[in-house]
Amino acid sequence: MNKTILVTGANGQLGTVLTQSLQHTYGRGNVIASDLKLSERYHGIFEVIDATNSERLEEVVRKYKINEIYHLAAILSASGEKAPLNTWDVNMQALLNVLEVSRMNHVEKVFFPSSIAVFGDAAPQENTPNNAFLNPLTSYGISKAAGENWGNYYFAKYGLDVRSLRYPGVIGYQSKAGGGTTDYAVDIYHKAIKEEPFSCFLDENTTLPMIFIDDAIRATLELMDAPRENIKIRTSYNISGTSFSPVEIVASIRNKYPKFMVTYVLDYRQDIASKWPKTIQDAEAKRDWGWKPQYDLDSITAVMIKKLKEKYKIATP
Ligand code: NAD
Ligand code: AKB
């Protein structure tokens, strides 16, 4: 059967890259991108959808006979703490709409991105296992933990093929990061290649799990392509890319830009980051669908610098 795919939140950091990748694999005419506003830069079919509006979501699902949804629309951790109840409302309503519209309209598969934000200070911070206790401490993390359980519920009760990954902080050059606690690790490269100083909102020794965008997209597509019977975890899979602290990313960048200046001006995001895992254990993802990351910190730095220089048209001396 032909796939007809809907992506919600397609204008975001992950969505812009994922929709292109899906278009490449399944054809431009089979991928419908959607977000709150039309993206001028998008080439392909685009529908404006507020995912909290279930009628509008259903209208588009029926119009294109959608059979697969990548539900990326969400408010992330740092933006989320500015209006916690609104974050809960948006993130939960949007997900419940996607699950219910899918169930009622013969959508076969749903991808729901979860996050390392589901873990709180009750989980081990090193090698955090898939089944660690979840006590998320942000509204965003609470919505992701609840979302994982709703995905599991729709699979168990209705057989809806919901699959999920707990992404670490995603680092990519194609789009800006969208209001998360890990955003510094994207923004820092933009400053470095323009040879401007960077002000970091996290303490220099705060280690967090991170993943390069190519690894994140490949993990998503590999998870979604795996045979149904291989998917043993219907809440969400831990995936690991690499882990580093601000001082380590600065050192990696200084190999290319020895004069790169960084100051540390901590804010409320430090408190969020300090309760998240430092390293992630992803044995289940490796076992069930063969997950293997390809990028470490220095290879991320090399690609980020090269691609951002191309983007900003900065000549290599
Ligand atoms: P982003 O903030 O860059 O993009 C989210 C998109 O969702 C935005 O374009 C926004 O306009 C849209 N959106 C927000 N509310 C909406 C609504 N009501 N209806 C429709 N669209 C709406 O986020 P991202 O980094 O691309 O993340 C995508 C998904 O992956 C999110 O669910 C996020 O929680 C998850 N995730 C991301 C990361 C990361 O580091 N980027 C890590 C873990 C999990
Ligand atoms: C955030 O920082 O909110 C996201 C995430 C790890 O979920 N990047």
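Residues numbered from 1 in each chain as written. Chains lettered and ligands numbered in written order. Predicted model: local features only at pLDDT ≥ 70, side-chain atom pairs only at ≥ 80, totals over all residues. Heavy atoms only, no water.

A. The arrangement of the packing of helix α6 (residues 184–193) against helix α8 (residues 246–254) in detail. Packing of α6 against α8 leaves a shortest axis separation of 11 Å and a crossing angle of 30 degrees. In terms of orientation, α6 and α8 fall into the roughly parallel class. Viewed along their axes, α6 and α8 form a crossing whose handedness is right-handed. On the side of α6, the interface is formed by Tyr 184, Ala 185, Ile 188, Tyr 189 and Ala 192, while α8 contributes Pro 246, Ile 249, Val 250 and Ile 253. Taken together, the residues of the contact of α6 with α8 break down into 9 nonpolar, no polar and no charged. (Axes fitted to C-alpha atoms, helices over the stretch in contact; angles between N-to-C directions. Helix = DSSP H or I, 4+ residues; strand = E, 2+ residues; numbered from the N terminus. Parallel < 35°, antiparallel > 145°, perpendicular 65-115°, else oblique. Left-handed = near helix turned anticlockwise from the far one by under 90°. Contact = heavy atoms within 4.5 Å. Nonpolar A, V, L, I, M, F, W, Y, C, P; charged D, E, K, R; others polar.)

B. View of empty space enclosed by the protein. Summed over all chains, the structure comprises 1 cavity of 30 Å³ or more. Within this model, the largest cavity holds a volume of roughly 50 Å³. Going through the elements one at a time, β5 (109–115) and α5 (139–158) are the ones with two or more residues in the lining of the largest cavity. Per-class residue counts for the lining of the largest cavity are 5 nonpolar, 3 polar and 1 charged. (1 Å grid on protein atoms, 1.4 Å probe; cavity = no way out; pocket = protein on both sides within 12 Å on 5 of 7 lines; lining within 4 Å. Points joined across faces, edges and corners; volume = space filled by probe spheres on them.)

C. Up close: the site of ligand 2. Taken together, Leu 76, Ser 77, Ser 115, Ile 116, Tyr 140, Gly 180, Thr 181, Thr 182 and Trp 276 make up all the residues around ligand 2. In the model, an oxygen atom of ligand 2 is placed 2.6 Å from a nitrogen or oxygen of the Ser 115 side chain. Here Tyr 140 contributes a side-chain N or O atom positioned 2.7 Å from an oxygen atom of ligand 2. Within the complex, the protein chains bury 94% of what would otherwise be the 250 Å² of accessible surface of ligand 2. Here ligand 2 is seated within the largest pocket. For the shell around ligand 2, a count of residues per class yields 4 nonpolar, 5 polar and no charged. (Near = heavy atom within 4 Å. Polar contact = N/O pair within 3.5 Å; in protein donor to acceptor, adjacent residues only side chain to side chain. Areas by Shrake-Rupley, 256 points an atom, 1.4 Å probe, with all protein chains shown as cover. Sits in = over half its atoms within 2 Å of the grid points.)

D. Seen up close, the packing of helix α1 (residues 13–26) against helix α7 (residues 213–225). α7 packs onto α1 with a crossing angle of 55 degrees between their chain directions and a minimal axis gap of 10 Å. With respect to their mutual orientation, α1 and α7 come out oblique. Where α1 crosses over α7, the handedness of that crossing is right-handed. Contact residues: α1 offers Gln 13, Leu 14, Val 17, Leu 18, Ser 21, Leu 22 and Tyr 26, while α7 offers Ile 213, Ala 216, Ile 217, Thr 220, Leu 221 and Asp 225.

E. Highlighting the nonpolar core. Tyr 70, Leu 165, Tyr 184, Tyr 189, Ile 239, Ile 249 and Trp 289 are the most contacted members of the largest nonpolar core, which totals 72 residues. With 7 residues, the top contributor of residues to this core is α7. When we break this core down by domain, the ones giving at least three residues each are domain 1 (5–168 + 211–238) and domain 2 (171–209 + 241–278 + 294–311). Apart from the residues lying within four places of it in its own chain, the contact partners of Tyr 70 are Ile 5, Leu 6, Val 7, Thr 8, Leu 18, Leu 22, Phe 111, Thr 220, Leu 221 and Met 224. (Core = buried A, V, L, I, M, F, W, Y, C linked by side-chain atoms within 4.5 Å. Buried < 20%, exposed > 50% of the residue type's maximum accessible area, 1.4 Å probe, protein only. Domains from an automatic or database assignment.)

F. How the structure looks around a positive patch on the surface. A contiguous patch of positive charge, built from Arg 41, Lys 176, Lys 194 and Lys 311, is present on the exposed surface. Turning to its location among the elements, Arg 41 is positioned in the loop between β2 (31–35) and β3 (45–48). Its relative accessible area of 60% is what places Arg 41 among the exposed residues. (Patch = residues over 30% accessible without salt bridge, like charges linked within 9 Å, V, L, I, M, F, W, Y side chains within 5 Å. Salt bridge = Lys/Arg side-chain N within 4 Å of Asp/Glu carboxyl O. Lys, Arg positive; Asp, Glu negative; His and termini not counted. Charge placed at Lys NZ, Arg CZ, Asp CG, Glu CD.)

G. Spotlight on the sheet that holds strand β7 (residues 169–171). Strand order across the open sheet formed by 3 strands is β7-β9-β11, with mixed pairing between neighbours. The open sheet is flanked by β7 and β11 (242–244), the only strands paired with a single partner. Strand-to-strand twist across the sheet, computed as the mean angle between neighbouring axes with direction ignored, equals 45 degrees. Here 3 bridges tie β7 to strand β9 (residues 208–212), and the two strands are oriented parallel to one another. (Pairing = 2+ DSSP bridges.)

H. Here's a closer look at the layout of surface pockets. Here the largest pocket defines a volume of roughly 790 Å³. The wall of the largest pocket is formed by 40 residues, among which Leu 72, Ala 73, Ala 74, Ile 75 and Leu 76 lie closest to the centre. For the lining of the largest pocket, the elements supplying multiple residues, two or more each, are α1, β2, α4 (84–104), β5, α5 and β7. Residue composition of the lining of the largest pocket, by class: 19 nonpolar, 16 polar and 5 charged. If you trace the second largest pocket, you find 14 residues lining it, with Thr 16, Gln 20, Ser 39, Arg 41 and Tyr 42 closest to the centre. Partitioning the lining of the second largest pocket into residue classes produces 3 nonpolar, 9 polar and 2 charged.

I. How the structure looks around α1. Between its terminal C-alpha atoms α1 stretches 21 Å, which fits the 20 Å expected from 14 residues at 1.5 Å a residue. If you check which residues of α1 are buried, you get Gln 13, Leu 14, Gly 15, Thr 16, Val 17, Leu 18, Thr 19, Leu 22 and Gln 23. Trailing α1 by a residue or two, Gly 27 shows a phi angle of about 95 degrees, which is positive. (Expected span 1.5 Å × (residues − 1).)

Note that all results are geometric; they support no functional claim without further evidence.
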